[in-house]
Structures are given as structure tokens and as C-alpha cells.
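Spelled out from the first residue to the last, the chains are:
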Amino acid sequence: MTYGIIGTGAIGGYYGAKLVKSGKEVHFLLHKDYDFVKENGLQIDSCDGSFHLDNINAYSSTKDMPKCDVVMVSLKSINNKLLKELLPPVLKEHTLVVLIQNGIGIEADVEKDFPNVELAAGLAFICSAKTEPGRVNHQCYGYINIGNYSCKNQAVIDTIINDFREAGVDANEVEYKEARWKKAVWNMPFNGMTVALNTQTDILLSNTNTLKLIKEQMMEVIHAAQACGVENIDEDFADKMIYNTIHMTPYSPSMKLDYDFNRPMEIYYLYTRPIEEARKAGYTMAKLEMLEAELKFLEETKSDGTKK
């Protein structure tokens, strides 16, 4: 099975490199660091063991890439408008596109532009960053869940999971809607709060005031998910997420890094869309609506490249 990685950043770079290291055929689309990686390869600094890949299949355009059996999209969701141009060259009949992106409603929107393409969600539970060319810093965790959205061939899902496991990545199939909302239980509080308070995960949870607020925000996501028909999600899951975060490496989530490096933040799918979906189902996420407003303010006031 051949894999294509659209967006070789902290997530796509890590998972793609792990697959290559285990002997899988992987083709990487790069942007700013294409020339560097083409010449120097890809370095993975990992808590599970660092390694370097020379001479990877690196491309600056999908027009030069072969058609793939599985395409993993790990672009920021704010760049999904580019998929109309990026995806067609690498698609063949029954190619599965796995969207390793954060948020609610992503697959439904991509499906509008690609109604005949089979889709799945990739839910990455990983602390990873890429802050310099050709180097991924994997700090903690690393497992991935796959939620089938419209894939017609179960054997493809099974093969992806098996390939990940052979690569040393813990992978499992999960129910799509449940998985998206469970990921939001962590993403919605921590991404926004680290930006709004200019801090990291460990500081938020070591303070009794922000620990209480994080738990309340998590419960808003859980109640929203329940209103939207998600089962198998309750307060115990919030407690599990808090426990796991307390025991992981102090971390700046992707939205915090985007803000710090003056990149656009993924507000729509991480906040606006789930808030809208919850409201349609009759539930108001009051605290997270306030956080969304704060993030929009910060996004607009840094549009000139400065933080105010």
C-alpha cells in the first residue's frame, strides 16, 4: 500500500517517517523546507527513539507525486481550501483520504468538494512540534485512532491500522462521531486557554482556578456531544484527559505555536463549528463561546504581525 502525506509538519512528518522506517512506501509533500529535506533528509527527535531518514520521497507539488492508495492530510484545517488543487493528482479509484486534523465537521465539508472520494478521520494523540526545517520534535504519546467516515472497504482501514502497528505506532479503529468529539474534549480547552493565558498545559493544571475552569470547559464539550447524539462519553472521560495531561510533558498545543509564530489559528473547526453544532442540538457552550470570542480578538489584533 502506498501512502501520500499532504503536509509534512509535526504530525504528518512523524507518522510518515515512522511508516518509512518500517519499510512502507511513503511520498511526502513539503512546502517551505522542501529544498532542505531534499538535500538533508528528515530528522525525528523522539522520546521513543530518534532516527534520521535520508533520501525520502520528497515533492514540492502533488503534480509530481504518484497516485496513492492512502493520502493522509495533515495540513492545518485553515488551508483546506487548497485541497481542490492538491488532492486530485494523487487520487485514484478508491483512494482513501485520512484527514489528520482537529475539529468538528471537517469530513462533511471536504465531502462537498470531493463527493466521490472515500474519507476517514485520523485522531492523533501526540505531543509533537516542528519549529525548524526538516526536524520533528516528538515529546510525548503518539497513538492514532482512525474513524471511518465513508470508506467502503473495511480491509483498507484494517491495513492502515496494521501498518501503523508494524511501524511502532499504537493505532485503533474508533466510531467516527464519538472519536471527533472525544478529541474535542481535550482540544477545545487546552488549545485556546494556552493562547488566551499565554501558558502551557502543566501550568494550567497546577493552578486550582484554571484546573476548575478546564474541567468545566471539558464538561461543556461532553454535554454538547451528548446533545448531538454521541454515546460512551461522560465525566469519567474528562477526568481521564486531565489525568493524562498532568502526567505528560509540559506542552504548547498547536494553536499556541501558531499564535506565537504569527500564523493563523484554527478557530473555525476547533470552536465555531462545534459551538454551532451544539446550538443546533439545543445546548449552549457558554464558557467556550467566551473563549472563542477571546481567540477571535487575539487573531484580529495580531493581524499586522504584532501581539497587542
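Structure first, text after, so check above.
Residues numbered from 1 in each chain as written. Predicted model: local features only at pLDDT ≥ 70, side-chain atom pairs only at ≥ 80, totals over all residues. Heavy atoms only, no water.

So, on to empty space enclosed by the protein. Leftover empty space is mapped by rolling, across the atoms, a probe with the size of a water molecule. One pass over the structure, following the stated rule, counts one cavity of 30 Å³ or more. The computed volume of the largest cavity comes to approximately 40 Å³. Surrounding the largest cavity, Asn 102, Gly 103, Ile 104, Arg 180, Lys 183, Ala 184, Asn 187, Met 188, Tyr 269, Leu 270 and Pro 274 form its lining. Tallying contributions element by element places helix α6 (residues 176–196) first for the lining of the largest cavity, with five residues. (1 Å grid on protein atoms, 1.4 Å probe; cavity = no way out; pocket = protein on both sides within 12 Å on 5 of 7 lines; lining within 4 Å. Points joined across faces, edges and corners; volume = space filled by probe spheres on them. Helix = DSSP H or I, 4+ residues; strand = E, 2+ residues; numbered from the N terminus.)

It is worth spelling out unusual backbone geometry at this point. Phi at Tyr 141 is positive, roughly 55 degrees, even though this residue is not glycine. Of note, Tyr 141 is situated in strand β9 (residues 135–148).

For the rest of this paragraph, the subject is the pattern of salt bridges. Following the criterion strictly, the structure yields 21 salt bridges and no others. Across the salt bridge formed by Glu 166 and Lys 24, the nearest N and O atoms sit 2.9 Å from each other. Of the two residues, Glu 166 sits in helix α5 (residues 154–166) while Lys 24 sits in the loop between α1 (10–21) and β2 (25–29), which places them 142 residues apart along the sequence. (Salt bridge = Lys/Arg side-chain N within 4 Å of Asp/Glu carboxyl O.)

The relative placement of two packed helices comes down to the angle between their axes together with the axis-to-axis distance. Orientation of α6 relative to helix α11 (residues 267–280), taken along the N-to-C sense of each, is 130 degrees, at an axis distance of 10 Å. When the axes of α6 and α11 are compared, the pair comes out oblique. Like other packed secondary-structure pairs, α6 and α11 cross with a definite hand, here left-handed. Of the residues in α11, those touching α6 at Trp 181, Asn 187, Met 188, Pro 189, Asn 191 and Gly 192 are Leu 270, Tyr 271, Pro 274, Ile 275 and Glu 277. A class-by-class count of the residues in the contact of α6 with α11 yields seven nonpolar, three polar and one charged. (Axes fitted to C-alpha atoms, helices over the stretch in contact; angles between N-to-C directions. Parallel < 35°, antiparallel > 145°, perpendicular 65-115°, else oblique. Left-handed = near helix turned anticlockwise from the far one by under 90°. Contact = heavy atoms within 4.5 Å. Nonpolar A, V, L, I, M, F, W, Y, C, P; charged D, E, K, R; others polar.)

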